[in-house]
Structure formats: C-alpha cells, structure tokens
Amino acid sequence: MPRPPTDREILQKIHDRYLDQFGQFERDNPEHERSSKIYVPIDCSAIANDLRVDPDIVFGRLYYHLDKKYGYAQDNGAKVHLFTMVIGEDRHAVNFPMLSAVLAELQQSWFRFTAPLIISGIALVVSVISLVC
C-alpha cells in the first residue's frame, strides 16, 4: 500500500502544474477561462493521477484539511480560502498566492528538519570510520 502524499507534495504538484496558467491571466481579456486572477481552478483528478492516489484524497485534503488549516477570516468577516468549491463560474479553485506562501513555508520546514538530519548522518559515518581505522 503506497503512503499518502504529504501536504507539501500535494501543494508542490498543484504549484508546478498551474504556475504558468496563474501568470498568464489578463484581466481585460474576455477569452480567459477563469473568473479571477487569484483563484486558479484545478483538476483534482489530474493531480491525484500524478500522485498515484484517488482523486477524493486530493479533494479531501484540500477542502477538509488544508483550507481549514490555512484559510482565515479578515477583520471585516470576509473569509479567505486556500481552496474553494466555487468562485464565480470556476469549480475547485485554489488561492494561488496563498498556496505559494504555504508551500514556501512547508519547504522551509522540511529543509530545517532534513539538513540537520543529513549532517548528523554524515557525522555518524565519519565517527564510525574514525573508530574503525
């Protein structure tokens, strides 16, 4: 049984897949396929296929977990979502700037954990080699 993807892996896939689409939005162009620059519609099935998991896993993680964790209410009561079911005429959209910020934070946390672990492993190998020789 494959392990479930991490939040970082899911957000990285979305970021990589939709970064160009986010940047190509022009407000005054009526031919654009989305309602907003900030909210980019995503295909949960395509993301799930890339991650080799069921599409409901990706949808559930975005809607039930990540949006609850990173979404917030502004002072005037307006809610800012990381993932929303509908925005304008678009379905399953992510707040792309927020996604980028969350992803950067998760990558930084991963590096903060991984770098000392690798350095410790190297130090252990050097110590073992010095004991043996």
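Look above for the structure.
Residues numbered from 1 in each chain as written. Predicted model: local features only at pLDDT ≥ 70, side-chain atom pairs only at ≥ 80, totals over all residues. Heavy atoms only, no water.

J.: Please explain the pattern of salt bridges as it appears in this structure.
T.: For side chains of opposite charge, pairing can occur when their charged atoms come near one another. Counted under the stated rule, the structure contains 3 salt bridges. A salt bridge links Arg3 to Glu9; its shortest N-O distance comes to 2.6 Å. By relative accessible area, which is 52% here, Arg3 ends up exposed. Across the pair Arg61 and Asp7 runs a salt bridge whose closest N-O atoms are separated by 2.5 Å. Here Arg61 is found in helix H3 (residues 55–70), whereas its partner Asp7 is found in helix H1 (residues 7–23), with 54 residues between them in sequence. For the pair Arg61 and Asp7, one class covers both residues: buried. (Salt bridge = Lys/Arg side-chain N within 4 Å of Asp/Glu carboxyl O. Buried < 20%, exposed > 50% of the residue type's maximum accessible area, 1.4 Å probe, protein only. Helix = DSSP H or I, 4+ residues; strand = E, 2+ residues; numbered from the N terminus.)

Just geometry here; none of it tells us what the structure is for.
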